[in-house]
Amino acid sequence: GDGAHVPVLVIGTGYGGSVTALRLAQAGVDVHMLEMGQAWETPGSDGKIFPNTRTPDYRSYWLRTRTKQPLSNFLGFPLDKDVPRHAGILDAEEFAGITVYQGRGIGGGSLVNGGMAVTPRREHFGSVLPSVNPAEMYDVYYPRANAELGVNHVDPAWWETVDCYQYARVGRKHAQRSNFAFTLVPNVYDMNYMKQEAAGTATKSAVDGEILYGNNHGKKSLPKTYLARARATGRVRITPLHRVTSVTRAGTRYAIVVEQLDTSGNVTATKTVTADRVFFAAGSVGTSKLLTKLKATGALPNLNGEIGKGWGDNGNVMCGRANHLWDPTGTVQTSIPTAGIDNWAAGGAFAEVAPLPTGIETWASFYLSITKNPNRAQFTWNAAANRVDLSWQTAWKQPSITMAKTIFDKINSKEGTIYRTDLFGAYKIWGDHLTYHPLGGAVLNKATDNHGRLHGYPGLYVVDGALIPGNTTVNPFVTITALAERNIERIIAEDL
Ligand code: FAD
């Protein structure tokens, strides 16, 4: 309530926030988490909590009146449609040069993501987090994160034969015929549950294409892992539909301004609470926007000049390939990706073989590539418009396209196939307008010390993807989780 005091406030309930809350609670500290999205515990009129990817509805988008589907078109037809403005689960946040997709609700990105749980190759770690000792990460914190997240592997024998991974096997065949390394990657989706779905003995979820707007069954999202254990301590309270708008110094404490939202996104109350310590876990974009605004408007003037800098898109770029009629990718495609083409060392690209769970045969192979794009953008405060801008430009994706082409030009030439031009708008090959993997903006050892303590303000910490300088070489959430485990261990030992 208004005027309350808490020892620790955590802003956001994604990976960084969930790790932080669990470990602080286990150390005997009472933690209050604020989350601007919904709790996602109550079924809608169809009896399901989350809507299907094929039928987006009022639950699907964060405060938009029209859907903004990552694949905007199919066979030349635009797919987007009007929806009522609602505090939905997927935010397609638009900046001038890029749309950044993010999860909204208790669990953050874990609610909407593909669950690919990939630890970077150790030889690449120096480029991911240059100030962090790789030995402690690979010996302690990556294993800890993998165990707590419930990372598991698909049974290779089952993967070889089941219909719903035909698209991935076609992806492998084409990769291997062009001599690219092809790897199965771990996931947090419960692979035994998926086996039962495919066998018809459990309610279908991934096999029915659920992804992007939540998953009703097999995905081990944060509310089933870290947050369940955090709540079980009895020391963690989570309040949904509360958005933090300000943090300022109040004597030896911090004062936090919070807007309470209704499910249409209207502000129904504004409250001020105080806390001894505040952990920024609002995600790369959320944390960076808050800190950039607070520094520029004088609320936290002593934050250093690194705030807002070093933001990258993890080199995300999408494309589709048109297959020959003898290479169908299957009418049933599980939404959970398990495989990728690794051309990082030679070409700077790691391409996930992604599903197109349309329910019909598309003869398309679809890929989300993570590339070594060197471009970095900055968040700045736009006082006239009262918002935070991001300097990323669409043309900055060109290095990513060039790197992805090291894989797909070669495969197309070997197979005698072409790129699809109908998935992102008319005659557009590259999905270069978006990212699923925002990283950076309050970079470790620059905006903060080497464990996430913000310079200039004892008791303020960054614990999420904002710490990572723009690229993880693979999908990011295992690294975000492992880094949060590393940092909170040190903070508990030294600061409490
Ligand atoms: P987040 O998980 O983004 O959590 C931040 C939370 O803070 C959110 O719940 C947000 O609502 C809340 N918040 C923000 N601002 C405020 C505020 N002012 N007040 C209160 N609350 C606030 N990664 C992988 O590793 N593998 C994948 O397969 C994968 N697939 C993806 C697919 C999609 C469609 C998307 C969108 C992402 C995917 N990702 C994947 C990325 C991954 O989900 C993110 O990297 C991860 O969630 C980031 O974790 P985080 O802790 O930094 O923040």
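Details of the structure are given in the entry above.
Read on for a plain summary of the structure. Note that the coordinates shown come from a computational prediction; the quantities given were computed from them, not determined experimentally.

So, the overall build of the chain
A count of helices and strands for the chain gives 11 helices and 20 strands. A globule of 496 residues ought to have a C-alpha radius of gyration of about 23 Å, and the chain, at 22 Å, matches this closely. For the chain, restricting intrachain contacts to residue pairs at least 6 apart in sequence, the fraction spanning at least 24 positions comes to 71%. With an accessible surface of roughly 17,900 Å², the chain has 52% of that area assigned to carbon and sulfur atoms. The centroid of the 49 positive side-chain charges in the chain is displaced by 2 Å from the centroid of its 42 negative side-chain charges.

What to know about unusual backbone geometry
At L212, a position not held by glycine, the phi torsion is positive, near 75 degrees. Its place among the elements puts L212 in the loop between helix 6 (191-199) and helix 7 (226-232). Judged by its relative accessible area of 14%, L212 falls in the buried class. Look at N314: it is not a glycine, yet its phi comes out positive at around 55 degrees. With respect to the secondary-structure elements, N314 resides in the loop between helix 8 (283-296) and strand 12 (317-322).

Concerning the packing of helix 5 (residues 166-177) against helix 10 (residues 398-415)
What describes two packed helices is the angle between their axes and the distance between those same axes. It is the contact of helix 5 with helix 10, at a shortest axis distance of 9 Å, that shows an interaxial angle of 90 degrees. In this view, helix 5 runs roughly perpendicular relative to helix 10, as classed from their interaxial angle. Residues H174, A175 and R177 of helix 5 touch helix 10, and the partners they reach there are I411, K414 and E415.

So, the sheet that holds strand 19 (residues 434-435)
Judged by pairing direction, the sheet is mixed, and its 3 strands sit side by side in the order 5-6-19 without closing on themselves. Either end of the sheet is taken by a strand with one partner, and the two such strands are strand 5 (90-94) and strand 19. Sheet analysis places strand 5 next to strand 6 (residues 99-103), joined by 5 bridges and oriented antiparallel. Along strand 6, the bridge assignment pairs E94 with T99.

Let's talk about the pairing of strand 10 (residues 253-261)
Here 8 bridges tie strand 9 (residues 242-250) to strand 10, and the two strands are oriented antiparallel to one another. From the neighbouring strand, S246 faces strand 10, where its bridge partner is V257. Count of turn residues in the strand 9/strand 10 antiparallel hairpin: 2 residues, of which G251 carries a positive phi of about 70 degrees. Both strand 10 and strand 11 (residues 267-280) contribute to a ladder of 8 bridges, which runs antiparallel. Its bridge partner lying in strand 11, L261 is registered against V267. Between strand 10 and strand 11, which follow one another and run antiparallel, lie 5 residues, and G265 among them has a positive phi close to 90 degrees.

Points about the packing of aromatic side chains
Within the structure shown, the criterion is met by 18 aromatic pairs. Taking the centre distance of 4.4 Å and the plane angle of 10 degrees together, the rings of F279 and Y461 count as stacked. On the criterion of sequence distance, the pair formed by F279 in strand 11 and Y461 in strand 20 (residues 460-462) is long-range, its members being 182 residues apart. With respect to burial, F279 and Y461 carry one shared label: buried. Ring geometry for W392 against W396: centres 5.3 Å apart, planes inclined by 75 degrees, an arrangement best described as edge-to-face. Judged by relative accessible area, W392 falls into the buried class, the value being 2%. Through successive ring pairs, a cluster of aromatic residues spans F95, W311, F379, W392 and W396. Above the ring of Y226, the side-chain terminus of R229 is found at 5.9 Å from the ring centroid.

Some remarks on the site of the ligand
Taken together, 35 residues surround the ligand, and among them E35, G109, M116, G465 and F477 come closest. Measuring from an oxygen atom of the ligand, one finds a backbone N or O atom of G16 at 3.0 Å. In this structure, a nitrogen atom belonging to the ligand sits 3.1 Å away from a main-chain N or O atom of G114. Out of a free accessible area of 1,000 Å², the ligand has 95% covered by protein chains. The element that contributes the greatest number of residues to the shell around the ligand is strand 9, accounting for 3 residues. Its residues assigned to classes, the shell around the ligand comprises 15 nonpolar, 16 polar and 4 charged.

Description of helix 1 (residues 15-26)
Taking 1.5 Å of rise per residue, 12 residues should cover 16 Å, and helix 1 covers 17 Å from first to last C-alpha, within 8% of that figure. Counting buried residues in helix 1 gives 11 out of 12 residues, a clear majority hidden from the surface. Those residues of helix 1 lying buried are Y15, G16, G17, S18, V19, T20, A21, L22, R23, L24 and A25. Directly beyond the C-terminal end of helix 1, a positive phi value near 95 degrees is found at G28.

What to know about the nonpolar core
The tendency in soluble globular proteins is for nonpolar side chains to be buried side by side. By size, the foremost hydrophobic cluster in this structure holds 74 residues, and its most contacted members are L149, V247 and F280. Looking at this core element by element, the count peaks at 8 residues for helix 11 (residues 477-495). Other than its neighbours up to four places away in sequence, L149 contacts Y15, V188, K220, L222, T225, Y226, F477, V478 and T481. Counting 35 residues, the second-largest nonpolar core is a separate cluster that includes M191, M194, I411 and Y419.

Topic: the sheet that holds strand 14 (residues 349-354)
Strand order in this open sheet of 6 strands is 7-13-14-15-12-18, and the pairing throughout is antiparallel. Of all strands in the sheet, those bounded by a partner on one side alone are strand 7 (181-184) and strand 18 (418-419). As judged from the 6 bridges shared by strand 14 and strand 15 (residues 364-371), these two strands associate in the antiparallel manner. Directly across from F350, in strand 15, lies its bridge partner I370. Sitting on the sheet, helix 5 is in contact with strand 7, strand 12, strand 13 (339-343), strand 14 and strand 15, with an inclination near 155 degrees to strand 7. Across the sheet, helix 10 is in contact with strand 12, strand 13, strand 14, strand 15 and strand 18; its angle to strand 12 comes to roughly 10 degrees.

Describing the pattern of salt bridges
Inspection of the entire model under this criterion finds 33 salt bridges. For E94, the salt bridge identified is with R64, shortest N-O distance 2.9 Å. Taken together, the residues E94 in strand 5 and R64 in the loop between strand 2 (31-34) and strand 3 (73-74) connect sequence positions 30 residues apart. In this structure R64 comes out as buried when scored by relative accessible area, which is 18%. Here K68 makes a salt bridge to E94, at a shortest N to O gap of 3.8 Å. Taken together, the residues span a long stretch of sequence, with K68 in the loop between strand 2 and strand 3 and E94 in strand 5 at a distance of 26 residues. Several salt bridges converge on common partners, so that one network encompasses D449, R453, R490, E494 and D495.

What counts and what doesn't
Residues numbered from 1 in each chain as written. Predicted model: local features only at pLDDT ≥ 70, side-chain atom pairs only at ≥ 80, totals over all residues. Heavy atoms only, no water. Helix = DSSP H or I, 4+ residues; strand = E, 2+ residues; numbered from the N terminus. Rg over C-alpha atoms; globule rule 2.2 N^0.38 Å. Contact = heavy atoms within 4.5 Å. Areas by Shrake-Rupley, 256 points an atom, 1.4 Å probe, with all protein chains shown as cover. Lys, Arg positive; Asp, Glu negative; His and termini not counted. Charge placed at Lys NZ, Arg CZ, Asp CG, Glu CD. Buried < 20%, exposed > 50% of the residue type's maximum accessible area, 1.4 Å probe, protein only. Axes fitted to C-alpha atoms, helices over the stretch in contact; angles between N-to-C directions. Parallel < 35°, antiparallel > 145°, perpendicular 65-115°, else oblique. Pairing = 2+ DSSP bridges. Phe/Tyr/Trp six-rings, centres within 6.5 Å; stacked < 30°, edge-to-face > 60°. Lys NZ or Arg CZ within 6 Å of the ring centre and 35° of its normal. Near = heavy atom within 4 Å. Polar contact = N/O pair within 3.5 Å; in protein donor to acceptor, adjacent residues only side chain to side chain. Nonpolar A, V, L, I, M, F, W, Y, C, P; charged D, E, K, R; others polar. Expected span 1.5 Å × (residues − 1). Core = buried A, V, L, I, M, F, W, Y, C linked by side-chain atoms within 4.5 Å. Salt bridge = Lys/Arg side-chain N within 4 Å of Asp/Glu carboxyl O.

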